[in-house]
Amino acid sequence: MPIQKIEMISFRNHQKKVVTFSPGINLLWGENGSGKTSVLEAVYILSNGKSFKTNRLIETVNREKKEAVVSGVFGGKTTTFYQPTNGQKKIKINNVVKKTKDLIGQNPTVLVSPEEEKITKGPHTERRKYFNRLFSTVSKTYLNNLIKYTNAIKNRNHLLKQNKQPTEIKIWDAPVAKYGALLWLEKKHLQQSFNREVLLVCEKYNNDININISTTTPKKPTENDLLEKLELNIQKDVFLRRTLVGPHTDKYTVSFKDKPLREYGSQGEHKLSFVLLKVAEHGFIKKETNKNPTLLLDDLFAKLDNSRGNAIFDLIRKSGQTIITNTDLVGVEAHGINPNNPNNKTIHLLRNWKN
Ligand SMILES: Nc1ncnc2c1ncn2[C@@H]1O[C@H](COP(=O)(O)OP(=O)(O)OP(=O)(O)O)[C@@H](O)[C@H]1O
Ligand SMILES: [Mg+2]
């Protein structure tokens, strides 16, 4: 569902600011530090319950204030996020308190920003987090199993850290094996679907390259196999004080022309793979949920060249709603997006305004 309006109070540099969006292309422009990325961050928080800039949401509260409030209207439903400096975040949908998990998947977004480049450049944990987030967006079952699995692992690791006896630690083996196997099974199917999308995108834009994602997820995961592995590994777990088998240790490798990108990729190959993965992410969410995600493009135009540009502009055309940030409109026009087109909306942000 496109976002129609957002209100930010004491959020980052925005004291009190309302922005209305078009369901098409929105060009958010203004000088450095005017708060463009912060608007994207606010939209992202309403979609995902978390920020892409920080793991500490408290940092989003304006430095002179005690609480940030962000409220967004998505097709008649109002989602509000409250973050006090002295407590936990709170989420409400139409004034009813909800959990983060109720938010995820409702109004999906695809974020193309420098922060997301860690998907190809960063360590395995980054790709694991990325796929967990993506699969949770398209499947409530995946999300619920992930929450239960993470909780079981947390409890098991807590006992391991306290040097408890194996008999005590093993209490958590059954839930770890149950939810771990369920996660693995669904992950396999979703990963295949995502990989198909990547293949389609590569064929369309760069027929001479192939990007492939491989994972350490077992071919035929079963609860019993995982249970056996947990038992086999117990001495190692005790020694290292953490659980060493299960989906939380999965590794993902992105290959570019059959070579692991992280180890061998050039800057250009990273950038191209990143953009193509994002195009695939958009198609994947659409295919799995029938929802058209809002595309959030931060700091992009300065860096585009032709091979990446074509894929991105096609994505903008396919996407229902897009919010693009840039310091000026000239750069956007230079890439063929007309700010005067009545379907597009321009939003100008000024630095240091207090309204
Ligand atoms: N918690 C906060 N309280 C007050 N101001 C903040 C807070 N967090 C960030 N800022 C400031 O808000 C301003 C807007 O940041 P933002 O990243 O949104 O700008 P931007 O328009 O995207 O800039 P650029 O074009 O350089 O990317 C910055 O000056 C930043 O220092
Ligand atoms: Mg910015």
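Residues numbered from 1 in each chain as written. Chains lettered and ligands numbered in written order. Predicted model: local features only at pLDDT ≥ 70, side-chain atom pairs only at ≥ 80, totals over all residues. Heavy atoms only, no water.

### Comments concerning the site of ligand 1
Here's step 1: Close contacts around ligand 1 come from 14 residues, with G33, K36, T37, S38 and V61 the closest.
Here's step 2: The backbone of G35 places a nitrogen or oxygen atom 2.9 Å from an oxygen atom of ligand 1.
Here's step 3: Take T37: an N or O atom from its side chain is 2.8 Å from an oxygen atom of ligand 1.
Here's step 4: In isolation ligand 1 exposes 660 Å². Once the protein is present, 73% of that is buried. (Near = heavy atom within 4 Å. Polar contact = N/O pair within 3.5 Å; in protein donor to acceptor, adjacent residues only side chain to side chain. Areas by Shrake-Rupley, 256 points an atom, 1.4 Å probe, with all protein chains shown as cover.)

### As for the domain arrangement of the protein
By a frequent convention, interface size equals the accessible area lost on bringing the separate parts together.
Here's step 1: According to the domain assignment, the protein contains domain 1 (1-108 + 291-355) and domain 2 (121-290).
Here's step 2: Look at where the C-alpha atoms of domain 1 and domain 2 centre, and you get two points 28 Å apart.
Here's step 3: Residue-level contacts link 19 residues of domain 1 with 21 residues of domain 2.
Here's step 4: Carbon and sulfur atoms make up 63% of the area that domain 1 and domain 2 hide from each other, which totals about 1,900 Å². (Domains from an automatic or database assignment. Contact = heavy atoms within 4.5 Å. Buried area = accessible area lost by both parts, 1.4 Å probe.)

### Some words on helix 4 (residues 124-138)
Helical periodicity: at 3.6 residues per turn, an α-helix aligns residues three or four positions apart in one direction.
Here's step 1: Look at helix 4: 21 Å from first C-alpha to last across 15 residues, which is about the 21 Å you get at 1.5 Å a residue.
Here's step 2: With respect to burial, helix 4 is a largely interior element, 11 of its 15 residues being buried.
Here's step 3: Within helix 4, the full set of buried residues consists of E126, R127, R128, Y130, F131, N132, L134, F135, S136, T137 and V138. (Helix = DSSP H or I, 4+ residues; strand = E, 2+ residues; numbered from the N terminus. Expected span 1.5 Å × (residues − 1). Buried < 20%, exposed > 50% of the residue type's maximum accessible area, 1.4 Å probe, protein only.)

### Description of a positive patch on the surface
Here's step 1: Side chains of K77, K98, K99, K101, K140, K148, K178 and K291 sit close together on the surface and give a patch of like positive charge.
Here's step 2: Residue placement: K140 occurs in helix 5 (residues 140-161).
Here's step 3: Among the residues examined, K140 registers a relative accessible area of 41% and is labelled partly exposed. (Patch = residues over 30% accessible without salt bridge, like charges linked within 9 Å, V, L, I, M, F, W, Y side chains within 5 Å. Salt bridge = Lys/Arg side-chain N within 4 Å of Asp/Glu carboxyl O. Lys, Arg positive; Asp, Glu negative; His and termini not counted. Charge placed at Lys NZ, Arg CZ, Asp CG, Glu CD.)

### A closer look at the sheet that holds strand 8 (residues 109-112)
Here's step 1: If you trace the 5 strands from one edge of the open sheet to the other, you get 8-12-13-3-14, paired in parallel fashion. Across the chains shown, the open sheet's two edge strands, defined by having one partner strand only, are strand 8 and strand 14 (345-348). Each neighbouring strand pair of the sheet contributes to a mean axis angle of 15 degrees, computed without reference to strand direction.
Here's step 2: Of the strand pairs in this sheet, strand 8 and strand 12 (residues 294-297) are connected by 4 bridges, and their pairing is parallel. Residue V110 lies in a different strand from strand 12, and its bridge partner there is L295. (Pairing = 2+ DSSP bridges. Axes fitted to C-alpha atoms, helices over the stretch in contact; angles between N-to-C directions.)

### Things to note about the environment of N94
Here's step 1: Here N94 lies in the loop between strand 6 (90-93) and strand 7 (96-98).
Here's step 2: Overall, N94 belongs to the partly exposed group, its relative accessible area being 41%.
Here's step 3: On a C-alpha basis, the gap between N94 and G76 in space is 9.1 Å, while along the polypeptide they are 18 residues apart.
Here's step 4: The residues contacting N94, other than those within four sequence positions of it, are G76, K77 and T78.

### Re the pattern of salt bridges
Here's step 1: Tallying each qualifying case throughout the model produces 14 salt bridges.
Here's step 2: One salt bridge connects K287 with E197, and the closest N-O pair in it is separated by 2.8 Å. Linking K287 in helix 11 (residues 267-289) with E197 in helix 7 (residues 173-205), this pair joins segments that are 90 residues apart in sequence.
Here's step 3: Judged by its relative accessible area of 55%, K287 is exposed.
Here's step 4: With a relative accessible area of 9%, E197 lands in the buried category.
Here's step 5: With a shortest N-O distance of 2.8 Å, K278 and E281 are connected by a salt bridge. Here K278 pairs with E281, and both are found in helix 11, just 3 residues apart, close to one helical turn.
Here's step 6: Within this structure, E116, R133, K278 and E281 form a network of salt bridges that share partners.

### Some details on the environment of I153
Here's step 1: By the secondary structure assignment, I153 is in helix 5.
Here's step 2: I153 sits in the buried class, given a relative accessible area of 8%.
Here's step 3: For the pair I153 and G246, spaced 93 residues apart in the sequence, the C-alpha separation amounts to 9.1 Å.
Here's step 4: Sequence-distant contacts of I153, defined by excluding residues within four places in its chain, comprise V176, T243 and H248.

### Points about the packing of aromatic side chains
Here the distance between the centres and the angle between the planes together describe a pair of aromatic rings.
Here's step 1: Counting across every chain of the model gives 8 aromatic pairs.
Here's step 2: When the ring of Y130 is compared with that of F131, the centres are 5.0 Å apart and the planes differ by 65 degrees; the resulting orientation is edge-to-face.
Here's step 3: The buried category is assigned to Y130, whose relative accessible area is 4%.
Here's step 4: Geometrically, the ring pair formed by F135 and Y142 is edge-to-face, given 5.6 Å between the ring centres and 85 degrees between the ring planes.
Here's step 5: Here Y142 falls in the buried class, since its relative accessible area comes to 0%.
Here's step 6: The aromatic ring of Y82 is capped on one face by K90, whose charged end is 5.5 Å from the ring centroid. (Phe/Tyr/Trp six-rings, centres within 6.5 Å; stacked < 30°, edge-to-face > 60°. Lys NZ or Arg CZ within 6 Å of the ring centre and 35° of its normal.)

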